[in-house]
Amino acid sequence: MKRIKFLLGVILIVILVSAIATFAGAKENVRIAMVVKMIGNAFFEACRDGGLEAAEELGGIELIFQGPTTSTAEAQIEIIDSLIAQKVDAMVISSNDVDALVPICKRAMKSGITVISFDSGIAPEGRILHLAPSGSEFIGRSQVKMLANLIDYKGEIAILSATSTATNQNEWIEWMKEELKEPAYKDMKLVAVVYGDDLSDKSYREAMGLFKSYPDLRGIISPTTVGIAATGKALEDAGKSGKIELTGLGLPSEMKQYIKNGTCRQMSLWNPIDLGYSSTYIAYKLLQGEFQGKEGEVMKVGRMGEIKIGSNNIAVMSEPYVFNKDNIDKFAAIY
Ligand code: RAM
């Protein structure tokens, strides 16, 4: 009799817990789509790996990884449109344009899909929050400081960016320009900003074009993992290593050879695996109602610890790592 009572008790508790969970809106087996700027970029493959790690840790998540073959907003809109039709539960998006994705993302949210941006943001009306790997001001200013140190605060410099509409690169470039207004940089001149569209061959050609158009060029900042690696190759092929200094945001695994031979003596980046992990984790918790996505909220993001949502619902992770000859091997083995 006691045993039956005990069993009945257990069954009752199970029913109650699942009823509460259903009432609270907890969802099982959710589908989270990670939409990146473009496929074929190792940076986003590392983000995907982080997303898969979060999915595994949290359980009950199917991660759908998608991105266009060209880094345009139009191509991303098509993908998002089809994900709405497939009724995915959440989307984490690295955007090719800050405004162009707003209407489609508004439609996604209206249909009940949880939308956040990560890496490269969507304007506030088109997402619940944006997860930035690091503060834009810090990134922009520190890139200029790094290059200034390499060229002794003197000479012509250029920026080789991703696409002309990329939210993240454009914000960083604005801060680079702000930093360059400081008196310390009076002998440095920004002569050009060019766009390689996160395509290796186009970035390579743009770098070669810079060498030709600006024979006195002393340094290049490339705040894109694709652009910096292509510029490293162009510098070597053109025999310009050591004559033109290179810095920016690069993947250690792709930049190892250029760091080691001095073509790029210093650069930085955050961990894209952590970025993909955190964005997937946050999307899941928002979906489950465990995070509210409100300014001021401190989110507990698994192994990453606490991440606070700041103004405009932008949550900033931490400062990037700086890579040089001494530590590149260690990081190149990871991402
Ligand atoms: C490229 C992409 C990405 C950016 C990195 C630094 O892979 O443009 O959005 O964050 O570079």
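Refer to the preceding data block for the structure.
Residues numbered from 1 in each chain as written. Predicted model: local features only at pLDDT ≥ 70, side-chain atom pairs only at ≥ 80, totals over all residues. Heavy atoms only, no water.

K.L.:
Tell me about the overall build of the protein, residues and numbers included.
P.N.:
The number of helices and strands found in the protein is 11 helices and 14 strands. Once the C-alpha set of the protein is aligned to its principal axes, its extents read approximately 90 × 40 × 35 Å. Counting the 335 residues in the protein, one finds 52% classified as buried. A separation threshold of at least 6 residues defines the contact pool for the protein, and within that pool the share at least 24 residues apart is 70%. Split by element, the accessible area of the protein, about 15,200 Å² in all, is 54% carbon and sulfur. The positive charge centre, built from 36 side chains, and the negative charge centre, built from 41, are 3 Å apart in the protein. (Helix = DSSP H or I, 4+ residues; strand = E, 2+ residues; numbered from the N terminus. Buried < 20%, exposed > 50% of the residue type's maximum accessible area, 1.4 Å probe, protein only. Contact = heavy atoms within 4.5 Å. Areas by Shrake-Rupley, 256 points an atom, 1.4 Å probe, with all protein chains shown as cover. Lys, Arg positive; Asp, Glu negative; His and termini not counted. Charge placed at Lys NZ, Arg CZ, Asp CG, Glu CD.)

K.L.:
Any chance you could break down the packing of aromatic side chains for me, citing the residues and the numbers?
P.N.:
For the coordinates displayed, the defined rule picks out 8 aromatic pairs. Considering the side-chain rings of Y153 and Y185, the 5.6 Å spacing of their centres and the 20° angle between planes classify their relative orientation as stacked. Residue Y153 is located in the loop between α5 (136–150) and β6 (155–161), and its partner Y185 is located in the loop between α6 (167–180) and β7 (188–195); the two are separated by 32 residues in the primary sequence. Here a set of aromatic residues connected by ring pairs shows up, and it is made of Y321, F323, F331 and Y335. The side chain of R48 reaches across the aromatic face of F65, ending 5.4 Å from its centre. Over the face of the ring belonging to Y277 we find R303, whose NZ or CZ atom lies 4.4 Å from the ring centre. (Phe/Tyr/Trp six-rings, centres within 6.5 Å; stacked < 30°, edge-to-face > 60°. Lys NZ or Arg CZ within 6 Å of the ring centre and 35° of its normal.)

K.L.:
Would you mind going over the nonpolar core in detail, with residue names and values included?
P.N.:
Judged by nonpolar contacts, the single largest core of 76 residues is most densely connected at I32, M255, I282 and M299. Counting residues per element, this core draws most heavily on helix α10 (residues 272–287), which supplies 9 residues. The contacts of I282, once residues within four sequence positions are left out, are I116, L129, L131, F291, M299 and V301. If you look at the next biggest cluster of nonpolar residues, it comprises 20 residues, including V35, I64, A108 and I122. (Core = buried A, V, L, I, M, F, W, Y, C linked by side-chain atoms within 4.5 Å.)

K.L.:
Quick rundown of the side chain of S279? Include the residues and the values.
P.N.:
Structurally, the position occupied by S279 is in helix α10. When its relative accessible area of 0% is taken as the criterion, S279 is described as buried.

K.L.:
Which residues make up the sheet that holds β7, and what values do they have?
P.N.:
Spatially, 4 strands are ordered β7-β6-β8-β9 in an open sheet, and the strand pairing comes out parallel. Strands at the two margins of the open sheet, each flanked by one partner only, are β7 and β9 (245–248). Neighbouring strand axes in the sheet, compared pairwise and without regard to direction, differ in orientation by 20° on average. The pairing of strand β8 (residues 217–222) with β9 spans 4 bridges and is parallel. The residue bridging G219 from the neighbouring strand is E245, located in β9. Lying over the sheet, α6 contacts β6, β7 and β8, oriented at roughly 165° with respect to β6. (Pairing = 2+ DSSP bridges. Axes fitted to C-alpha atoms, helices over the stretch in contact; angles between N-to-C directions.)

K.L.:
Could you give an account of the sheet that holds strand β1 (residues 30–35), with specific residues and numbers?
P.N.:
The parallel open sheet is built from 6 strands, whose spatial order is β2-β1-β3-β4-β5-β13. Strands at the two margins of the open sheet, each flanked by one partner only, are β2 (61–66) and β13 (314–316). The average undirected angle you get between the axes of adjacent strands in this sheet is 20°. Pairing analysis gives 6 bridges linking β1 to β2, with the strands arranged parallel. Residue pairing across strands places A33 opposite I64, the latter belonging to β2. Its contacts with the sheet put α10 on β1, β2, β3 (90–93), β4 (114–118) and β5 (130–132), and the angle it makes with β4 is roughly 160°.

K.L.:
With reference to specific residues and values, describe the site of the ligand.
P.N.:
Taken together, 13 residues lie near the ligand, and K37, N41, D119, D198 and T225 sit nearest. A distance of 2.7 Å separates an oxygen atom of the ligand from a polar atom in the side chain of D198. One of the side-chain nitrogen or oxygen atoms of T225 is found 2.6 Å away from an oxygen atom of the ligand. When isolated, the ligand has an accessible area of 290 Å², and the protein chains bury 100% of it. Among the secondary structure elements, those contributing two or more residues to the shell around the ligand are α2 (42–58) and α6. Of the residues forming the shell around the ligand, the biggest block, 3 residues, is contributed by α6. The residue inventory of the shell around the ligand, partitioned by class, reads 5 nonpolar, 5 polar and 3 charged. (Near = heavy atom within 4 Å. Polar contact = N/O pair within 3.5 Å; in protein donor to acceptor, adjacent residues only side chain to side chain. Nonpolar A, V, L, I, M, F, W, Y, C, P; charged D, E, K, R; others polar.)

K.L.:
So what's going on with unusual backbone geometry? Which residues, and what values?
P.N.:
Of note, N29 is a non-glycine position whose phi angle comes to about 50°, a positive value. With respect to the helices, strands and loops of the structure, N29 is situated in the loop between α1 (2–23) and β1.

K.L.:
Tell me about the side chain of T167, and please be specific about residues and values.
P.N.:
Tracing the chain through its elements places T167 in helix α6. Looking at T167, its side chain comes within polar contact range of the main-chain nitrogen of V98, at 3.4 Å. Setting aside anything within four residues of it in sequence, one finds T167 in contact with S95, D97, V98, S120 and G121.

As far as function goes, none of this settles anything; it's purely spatial.
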